[in-house]
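Commentary on secondary and tertiary structure
Okay, here's what each chain looks like letter by letter:
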Amino acid sequence: MLRPFPLVGDRMENGIVLVTGGSRGIGAAIARMAAARGHAVLINYNSNVAAAEAVCAEIAAAGGRAEAVAGDVSVEADVDAMFAAADRMGRLIGLVNNAGVVDVAARVEDFDLARLQRMFGINVYGTVLCSGRAVRRMSSRHGGQGGSIVNITSVAAKLGSPGVFVDYAAAKGAIDSFTVGLALEVVREGIRVNAVRPGIIDTDIHASAGDPDRAHRLGPDLPMPRPGTADEVAEAVMWLMSDAARYSTGTVIDVTGGRGIVP
Ligand code: NAP
């Protein structure tokens, strides 16, 4: 059996890390942190090219290596193009399935199929499609040399998000199950699969749900009375990807300031 591939602390020549949705928010923090630890980073984004290029420029200015690749993780041809870009950069050793979306707050009787297809397409299909492409490259079963996958789920998977977005919570619940299943599917092939479960984090995702003040409005009522930061989520991702976590697979780390830890 291959040892889980050591990631953090390796030289960038040893391989690259692909961060989906790496251009803004939590993904951008993960990309910056991975680059600062010496990894070449491929930053996927959907439409905001300026944000992606700004993160690449920041990484380059700090002496790191980063490239951006456009693509919708829910579109198979885009996923293939994204992984082809990764192949051109080097050997893929890390994938962070971070790209995700919410929608405006609504009750279940107001959901239509288009909303659900977007919600599950990006959050669930995207994660599964990208993971499959990564496994083809990393798994010893396919001649690969191992790697690490980290999925970004949400405390919504535990709380269910009633009256807000039960569809988002259900999609993240699917990510939790997928993390366990994939971890065991590839555990003897040199790949570890883990997840990070953020609580309320201060990013633009709340504005995209039509509620830009959500994090700061809810923050004071959280067990730790503030929203989390993207960097605080990225730190957990770095640990899970690193060789320090070499005996951990199928694990989900809560980064919620205590939200959702009591059933
Ligand atoms: P964000 O600030 O809205 O950033 C989303 C990122 O995903 C952007 O880089 C965006 O690129 C990209 N993206 C969106 N749709 C995409 C698609 N179809 N294909 C590829 N990339 C796509 O979000 P965030 O708050 O950082 O959230 C990141 C992850 O953490 C998500 O999975 C989210 O569900 C999870 N999470 C967030 C919170 C929170 O409170 N913020 C809490 C729990 C979990 P463009 O700019 O080009 O669209």
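Just above, that's the structure.
What counts and how
Residues numbered from 1 in each chain as written. Predicted model: local features only at pLDDT ≥ 70, side-chain atom pairs only at ≥ 80, totals over all residues. Heavy atoms only, no water. Phe/Tyr/Trp six-rings, centres within 6.5 Å; stacked < 30°, edge-to-face > 60°. Buried < 20%, exposed > 50% of the residue type's maximum accessible area, 1.4 Å probe, protein only. Pairing = 2+ DSSP bridges. Helix = DSSP H or I, 4+ residues; strand = E, 2+ residues; numbered from the N terminus. Right-handed = clockwise from strand over helix to strand, strands pointing away. Core = buried A, V, L, I, M, F, W, Y, C linked by side-chain atoms within 4.5 Å. Contact = heavy atoms within 4.5 Å. Near = heavy atom within 4 Å. Polar contact = N/O pair within 3.5 Å; in protein donor to acceptor, adjacent residues only side chain to side chain. Areas by Shrake-Rupley, 256 points an atom, 1.4 Å probe, with all protein chains shown as cover. Expected span 1.5 Å × (residues − 1). Arc of directions from axis to C-beta. Axes fitted to C-alpha atoms, helices over the stretch in contact; angles between N-to-C directions. Left-handed = near helix turned anticlockwise from the far one by under 90°. Nonpolar A, V, L, I, M, F, W, Y, C, P; charged D, E, K, R; others polar. Disulfide = S-S within 2.5 Å.

1. Looking at the packing of aromatic side chains
To describe a pair of aromatic rings, you give the distance between the ring centres and the angle between the ring planes. Following the criterion strictly, the structure yields one aromatic pair and no others. When the ring of Phe-165 is compared with that of Tyr-168, the centres are 5.2 Å apart and the planes differ by 70°; the resulting orientation is edge-to-face. Judged by its relative accessible area of 10%, Tyr-168 is buried.

2. Some thoughts on the pairing of strand β3 (residues 66-70)
Pairing geometry for strand β2 (residues 40-45) and β3, over five bridges, is parallel. The residue of β3 that forms the bridge with Val-41 is Ala-66. Each parallel crossover has a hand, and for β2 linked through helix α2 (residues 49-61) to β3 it is right-handed.

3. Topic: the nonpolar core
Of all hydrophobic cores here, the largest spans 30 residues; its most connected members are Ile-30, Val-41, Ile-43, Val-96, Val-196 and Val-237. Put simply, the parts of the chain that give this core at least two residues each are β1 (16-19), α1 (25-36), β2, α2, β5 (147-152) and α9 (230-241). Those residues in contact with Val-96 that sit more than four places away from it in its chain are Val-17, Leu-18, Val-19, Thr-20, Ile-30, Val-150, Ile-152, Val-237 and Met-241.

4. A few points about the site of the ligand
Near the ligand you find 31 residues, and of these Ser-23, Arg-24, Ser-47, Tyr-168 and Thr-203 are the closest. Taking Asp-72, its side chain carries an N or O atom lying 2.9 Å from a nitrogen atom of the ligand. Within the contact set of the ligand, an oxygen atom lies 2.5 Å away from a side-chain nitrogen or oxygen of Thr-203. Calculation on the ligand without its partners gives an accessible area of 900 Å², and the protein chains cover 96% of this total.

5. Considering α2
Across its 13 residues, α2 extends 18 Å between first and last C-alpha, which sits within 8% of the 18 Å expected from 1.5 Å per residue. Three or more residues of α2 are buried, namely Ala-51, Ala-52, Val-55, Cys-56 and Ile-59. Seen along its axis, α2 keeps its buried residues to an arc of 135°; they face one direction. Across α2 from its buried face, at more than 90 degrees, point the exposed residues Ala-50 and Ala-61. Where α2 is buried, its residues meet α1, β2 and β3. Two residues or fewer past α2, Gly-63 is found with a positive phi of approximately 95°.

6. Points about the packing of helix α3 (residues 76-89) against helix α4 (residues 113-138)
Two numbers describe how α3 lies on α4: the axes approach to 10 Å, and their chain directions differ by 35°. In this structure, α3 meets α4 at a crossing whose hand is right-handed. The segment α3 lies against α4, with Glu-76, Val-79, Asp-80, Met-82, Phe-83, Ala-84 and Asp-87 engaging Leu-129, Cys-130, Arg-133, Ala-134 and Arg-137. Taken together, the residues of the contact of α3 with α4 break down into seven nonpolar, no polar and five charged.

7. Points about unusual backbone geometry
Of note, the phi angle at Ser-161 is positive, near 50°, even though the residue is not glycine. You can see Ser-161 is positioned in the loop between α5 (156-159) and α6 (166-185).

8. What about the state of the cysteines?
On inspection of all chains with the given rule, the structure shows zero disulfides. Between Cys-56, a cysteine without a disulfide, and Cys-130, which holds the nearest cysteine sulfur, the sulfur-to-sulfur distance is 17 Å. For Cys-130, a relative accessible area of 0% translates into the label buried.

9. With respect to the environment of Val-101
Note that Val-101 resides in the loop between β4 (92-97) and α4. A relative accessible area of 16% means that Val-101 is categorised as buried. Sequence separation between Val-101 and His-206 is 105 residues; the distance between their C-alpha atoms is 9.6 Å. Each residue touching Val-101, except ones within four places of it in the same chain, is listed here: Arg-118, Met-119, Ile-122, Asn-123 and Tyr-168.

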